[in-house]
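Report on the structure
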Amino acid sequence: MFRSGLSRFSRYRGRRARFEHDPQDEAGLDVRLDRLCSAADSLGLETPQALLSHLAARGLTGQLPRLSACLTALEQAEGPLAPGQFGRDLPFDSLNLLERALDDDLAIPDFSHFAHRLGGFFAYAQENRRGQIADYIPELAHQEADGFGLALCSIDGQRFSLGEAQTAFCLQSVVKPLNYALALALNGENLVHAHVGREPSGRRFNELALDPDYRPHNPMINAGAIMCASLIRPAQPPRDRAELIRRFVMSAAGGAACTLDEAVYQSELATADRNRALVKMMDEHDAFPPGTDTRAALDVYFRACALSLDCEALSVVAAMLANGGVCPVTGHRVIDPMIVRHTLSLMLTCGMYDYSGEFAFTVGLPAKSGVSGGLMIVIPGVGGLGLWSPRLDRQGNSVRGVEFCQRLVEDYPFHIFAGVASD
Ligand code: GLU
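A few points on the structure. Just so we're clear, the structure is a prediction, and the values are computed from it rather than from any experiment.

Criteria and thresholds
Residues numbered from 1 in each chain as written. Predicted model: local features only at pLDDT ≥ 70, side-chain atom pairs only at ≥ 80, totals over all residues. Heavy atoms only, no water. Near = heavy atom within 4 Å. Polar contact = N/O pair within 3.5 Å; in protein donor to acceptor, adjacent residues only side chain to side chain. Areas by Shrake-Rupley, 256 points an atom, 1.4 Å probe, with all protein chains shown as cover. 1 Å grid on protein atoms, 1.4 Å probe; cavity = no way out; pocket = protein on both sides within 12 Å on 5 of 7 lines; lining within 4 Å. Sits in = over half its atoms within 2 Å of the grid points. Pairing = 2+ DSSP bridges. Helix = DSSP H or I, 4+ residues; strand = E, 2+ residues; numbered from the N terminus. Points joined across faces, edges and corners; volume = space filled by probe spheres on them. Nonpolar A, V, L, I, M, F, W, Y, C, P; charged D, E, K, R; others polar. Phe/Tyr/Trp six-rings, centres within 6.5 Å; stacked < 30°, edge-to-face > 60°. Buried < 20%, exposed > 50% of the residue type's maximum accessible area, 1.4 Å probe, protein only. Lys NZ or Arg CZ within 6 Å of the ring centre and 35° of its normal. Expected span 1.5 Å × (residues − 1). Arc of directions from axis to C-beta. Axes fitted to C-alpha atoms, helices over the stretch in contact; angles between N-to-C directions. Parallel < 35°, antiparallel > 145°, perpendicular 65-115°, else oblique. Contact = heavy atoms within 4.5 Å. Disulfide = S-S within 2.5 Å.

**Digging into the site of the ligand**
Around the ligand sit 13 residues in total, of which Y136, Q172, S173, E268 and Y353 are the nearest. Y353 has a polar side-chain atom sitting 2.5 Å from an oxygen atom of the ligand. Measuring from an oxygen atom of the ligand, one finds a backbone N or O atom of V371 at 2.9 Å. Out of a free accessible area of 300 Å², the ligand has 99% covered by protein chains. Mapping the ligand onto the cavity grids shows that it belongs to the largest cavity.

Dropping the structure here:
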């Protein structure tokens, strides 16, 4: 039953990332636009408006910067669908996307049905009011306990959201994968991993513990994230370093708003004893690169944790990772593919606090949660999800977030090893 249940969705398996220059048709723009109009016609889409509804039903809307000029041109066009109505200078990657939408070859093929199913999982998780809001950072206690938002973005930029998906929340630990990716991009793997390990710690995220080489266990726990922050442009003032992280997060989110929540930042500074103790412990063991200004590193870390995004923007970050580092809404490369691979590996093994092993076993997806109730879930080669619901379980993960993920992989073959267990 398990097998036949999953085989219905076999089209999701084995998809590869959509890189900037997908090998595509060599034909020129005019020929391809002609073909596109004929394909639309054969589907009964005789007007620009009919084509727009077809695209919207597949999750392709003006929320996609790389398609928005073309969609606006189509909205303004009149009469039967014609090659001249797609706007000037239609980029090839937008054309590829339109072709795939008409060929029924998008990352999420049955989008309306998929969105409907997601709605069911969301409603199910929403019933759950268990768990507590984190209050050890006092400002976090002001979050709305029953707030719940979810957004999806596929590697083709198909988008869908539910609940409070446009409510910004502070990322807290959800920023750690990006903090790590940026440290890698600026320093290379050898330097970064001379100072931070890549092994689950098996302890709480802020435990006073180092690995046998006196390095923090991995970049997804506090000590490791502070270490990564220490490696981001160490010669510059903390404010500038944090601004670089903010801009990196923004480009990962396709240009969506990302702001520093000043109240959370101040609240964290005022209650930072444990993180200061982590720094002292690392200092005692000479874990930092020589000459590190550890106060500055901690400040950069706090500012990074206080960055805010909404679920819609977070889903784009997750989809960028699912797409090998190319942001699906802008088409721009944000991260090198090997850095994405490293980041996803550590999200899979260390991203869900002390529940990481269980989560890898039961859900089998790279994810990162934070104490604000944020959760970023990556479905490699398919897309990403951004979720926010502040009630946490005893491991510190969003209760509804974990529940939602469990439902998702019961119905869809997204567990990274699903392929070996289905026909
Ligand atoms: N800024 C939080 C801290 O340092 C992050 C904790 C988390 O989200 O895991 O405690």
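**Details of the sheet that holds strand β5 (residues 307–309)**
The three strands lie next to each other as β3-β5-β4, forming an open sheet whose pairing is antiparallel. In this open sheet, the two strands that pair with only one neighbour each are β3 (169–170) and β4 (259–260). Alignment of β3 against β5, held across two bridges, turns out to be antiparallel. Looking at the pairing, C170 lines up with S308 of β5.

**Examining empty space enclosed by the protein**
This structure, assessed with the given rule, holds one cavity of 30 Å³ or more. A volume near 50 Å³ is recorded for the largest cavity. Around the largest cavity, the lining residues are Y136, Q172, S173, K176, F205, N222, E268, Y301, Y353 and V371. Of the residues assigned to the lining of the largest cavity, the class counts are five nonpolar, three polar and two charged.

**Here's the deal with the packing of aromatic side chains**
Summed over all chains, the structure comprises ten aromatic pairs. For the pair F114 and F414, a centre-to-centre distance of 6.2 Å together with 70 degrees between the ring planes defines the contact as edge-to-face. Here the residue F114 occupies a position in helix α6 (residues 111–126), and F414 occupies one in the segment after α17 (399–411), the gap between them amounting to 300 residues. With respect to class, F114 is no different from F414; both count as buried. Summarising the aromatic geometry, the rings of Y412 and F414 are spaced 5.5 Å apart at their centres and angled 15 degrees between planes, so their arrangement reads as stacked. Taken individually, Y412 and F414 each receive the classification buried, so the pair is uniform in this respect. Members of the aromatic cluster, connected to one another through ring pairs, are F114, Y412 and F414. Residue placement shows R32 over the ring face of F92; its charged tip is 5.0 Å from the ring centre.

**Section: helix α12 (residues 273–284)**
Taking 1.5 Å per residue, twelve residues should reach 16 Å; α12 reaches 16 Å between its end C-alpha atoms and fits that length. Listed in full, the buried residues belonging to α12 are N275, L278, V279, M281 and M282. Along the axis of α12, the buried residues cluster in a sector spanning 160 degrees; they form a single face. Opposite the buried face of α12, by more than 90 degrees, sit the exposed residues D273, K280 and E284.

**So, the packing of helix α3 (residues 48–57) against helix α5 (residues 92–103)**
For the pair α3 and α5, the least separation of the axes is 10 Å and the interaxial angle reads 80 degrees. Considering the angle they form, α3 stands roughly perpendicular to α5. Contact residues: L51, H54 and L55 in α3; L98, A101 and L102 in α5. The residue inventory of the contact of α3 with α5, partitioned by class, reads five nonpolar, one polar and no charged.

**Comments concerning the sheet that holds strand β2 (residues 159–163)**
The five strands are arranged β2-β1-β8-β7-β6 in an open sheet whose pairing can be described as antiparallel. The sheet is open, and its two borders are formed by β2 and β6 (367–369), each paired with just one other strand. Put simply, the sheet's adjacent strands are angled 10 degrees from each other on average, direction ignored. Relative to strand β8 (residues 383–388), strand β1 (residues 149–154) runs antiparallel, the two sharing six bridges. From the neighbouring strand, A151 faces β8, where its bridge partner is G386. Where α17 meets the sheet, its contacts fall on β1, β7 (374–379) and β8, and the angle it forms with β7 comes to roughly 20 degrees.

**Observations regarding the state of the cysteines**
The final tally for this structure, using the stated rule, is zero disulfides. Summary of cysteine pairing: C37 is not part of a disulfide, and the nearest cysteine sulfur, belonging to C70, is at 10 Å. In this model C311 remains outside any disulfide bridge; the closest cysteine sulfur is found in C405, 12 Å from its own. When its relative accessible area of 0% is taken as the criterion, C311 is described as buried.

**Comments concerning the pairing of β1**
A large share of β1 lies buried, amounting to six of its six residues. Burial along β1 is two-sided: the residues G149, A151 and C153 and L150, L152 and S154 are all buried.

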